[in-house]
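Okay, here's what each chain looks like letter by letter:
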Amino acid sequence: MPLVRITVPQGVPAERRRALADGVHGALVETASVPPDDRFQVIEEVPPDNLIFSRTYLGLAHTGPMAFVQIFLNQGRTVDVKKALYARIADAGIAAGFRREDVLVNLVEVTRENWCFGGGVMSYPPAP
Amino acid sequence: MPLVRITVPQGVPAERRRALADGVHGALVETASVPPDDRFQVIEEVPPDNLIFSRTYLGLAHTGPMAFVQIFLNQGRTVDVKKALYARIADAGIAAGFRREDVLVNLVEVTRENWCFGGGVMSYPPAP
Amino acid sequence: MPLVRITVPQGVPAERRRALADGVHGALVETASVPPDDRFQVIEEVPPDNLIFSRTYLGLAHTGPMAFVQIFLNQGRTVDVKKALYARIADAGIAAGFRREDVLVNLVEVTRENWCFGGGVMSYPPAP
């Protein structure tokens, strides 16, 4: 059920992009109860000048290339699950050759009724 | 009021991309009370390797090319409206040459105050 | 904390894209209590035919090029803050060479727990 948008600057090699996408999915499976075959991801590449980031926010030394990982998923994960997810995604970033500081994650939560994974039908039964 | 992001792999011809966008908008008009002239859509094309999808989730045989249709809209549509919307978007996908299984829809709901369609003004009166 | 996606048609020169991004960030700082160094933005350029917009919705004469400005941010801004933000972003659009009518803004609000700006840690303490 997550839909994941990963945005990176052009120039990150295909293997590293794929490694990051693999790692983000693995993090969702391991920490956030996402089924292994529930994987839908887009990798967006933009010219480096089109990916703009602060170098100092919250004391984090962003140097780039940064990866913006935006995850649309069902609401209801606990704070602890989200913390574990962030940590695991940072690990995935390192495995993909990014600096730990340079992987941003944003979660956007939706309701169960808001998904159709194909076939024209609502994928999950609505909450009672 | 919807803002629609349609993501497809590169290689889908312009006519099919446009047909899908037309069909998604038509589905919103017919099922979800969207005014016909309330149409704002982006079609994103990414290299096929950058659009990653499970081939088996929920028993749906995704073969691709897939289209990810993400719709940002005001909250408040009923479950029945959403179901009708999904069905109609799948029809639109077929009309645009996609397999019925290969059109994913995700709704992201926001409040009425969260739109400015231009001119620097809030487009809808806030909920009382 | 905002993550900003700015979508424009290909052909808008780099200086104007940057001016718009600068202006959107300035608007967030001036009207919505965003720290100056809390800036994370993506500019997406798509072929003009892939950015589809009504020319008449709500009486606004959209002629293009349009800019779609989507801002993911923490919930809680008041209606007045949002109104001020829209006005200031429209000003920013003009300064960047866009018509006032041609800058669309959509806010998507999330909770405080939904951000990791890097380093694998939750960036803001959860709401009590």
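Residues numbered from 1 in each chain as written. Chains lettered and ligands numbered in written order. Predicted model: local features only at pLDDT ≥ 70, side-chain atom pairs only at ≥ 80, totals over all residues.

**Student:** Talk me through the relation of the copies chain B and chain A; I want residue IDs and the actual numbers.
**Tutor:** In screw terms, the move from chain B to chain A is a rotation of 120° and a rise of 0.0 Å along the axis, fitting with an RMSD of 0.0 Å. Overall, the copies show the geometry of a three-fold rotation axis. Every residue of chain B has its C-alpha some distance from the rotation axis, and the shortest such distance is that of Val108 of chain B, at 4.8 Å. When the interface residues of chain B are mapped onto chain A, a mere 3% of them are again interface residues, pointing to distinct binding faces. (Least-squares fit on C-alpha atoms with pLDDT ≥ 70 in both. Contact = placed C-beta atoms within 7 Å.)

**Student:** Which residues make up the interface of chain B and chain A, and what are the values?
**Tutor:** Contact residues are listed per partner, giving 32 residues for chain B and 26 residues for chain A. Those elements that provide at least two residues to the side of chain B that touches chain A are strand E3 (51-53), strand E4 (67-74), helix H2 (79-95) and strand E5 (103-110) of chain B. Partitioning the side of chain B that touches chain A into residue classes produces 18 nonpolar, seven polar and seven charged. Here strand E6 (residues 115-116) of chain A runs beside E5 of chain B; their pairing, made up of two bridges, is antiparallel. Residue pairing across strands places Cys116 of chain A opposite Val105 of chain B, the latter belonging to E5 of chain B. (Helix = DSSP H or I, 4+ residues; strand = E, 2+ residues; numbered from the N terminus. Nonpolar A, V, L, I, M, F, W, Y, C, P; charged D, E, K, R; others polar. Pairing = 2+ DSSP bridges.)

**Student:** Lay out the interface of chain C and chain A with the relevant residues and their values.
**Tutor:** Contact with chain C, which involves 26 residues of that partner, is made by 32 residues of chain A. If you list the elements that add at least two residues to the side of chain C that touches chain A, you get helix H1 (14-32), strand E2 (40-46), strand E5 (103-110) and strand E6 (115-116) of chain C. By residue number, the principal contributor to the side of chain C that touches chain A is E2 of chain C, which donates five residues. The residue inventory of the side of chain C that touches chain A, partitioned by class, reads 15 nonpolar, six polar and five charged. Pairing between strand E3 (residues 51-53) of chain A and E2 of chain C: three bridges, direction antiparallel. Paired with Ile52 of chain A across the two strands is Gln41 of chain C, which belongs to E2 of chain C.

**Student:** Account for the relation of the copies chain C and chain A, naming residues and giving values.
**Tutor:** Mapping chain C onto chain A is achieved by rotating through 120° and translating by 0.0 Å along the same axis, at an RMSD of 0.0 Å. When the interface residues of chain C are mapped onto chain A, a mere 4% of them again lie at the interface, so each copy presents a different face.

**Student:** Tell me about the packing of helix H1 (residues 14-32) of chain B against H2 of chain B, residues and numbers included.
**Tutor:** The geometry of a pair of packed helices is captured by two quantities: the angle between their axes and the separation between those axes. Residues and elements named next belong to chain B. The N-to-C vectors of H1 and H2 enclose an angle of 155°; their axes lie 8 Å apart at closest approach. By the angle between their axes, H1 is roughly antiparallel relative to H2. Of the two possible hands of crossing, H1 and H2 adopt the one that is right-handed. Of the residues in H2, those in contact with Ala19, Leu20, Gly23, Val24, Gly26, Ala27, Leu28, Glu30, Thr31 and Ala32 of H1 are Val81, Ala84, Leu85, Arg88, Ile89, Ala92, Gly93 and Ala95. Residues of the contact of H1 with H2, tallied by class, amount to 12 nonpolar, four polar and two charged. (Axes fitted to C-alpha atoms, helices over the stretch in contact; angles between N-to-C directions. Parallel < 35°, antiparallel > 145°, perpendicular 65-115°, else oblique. Left-handed = near helix turned anticlockwise from the far one by under 90°.)

Geometric values such as these leave the question of function open.
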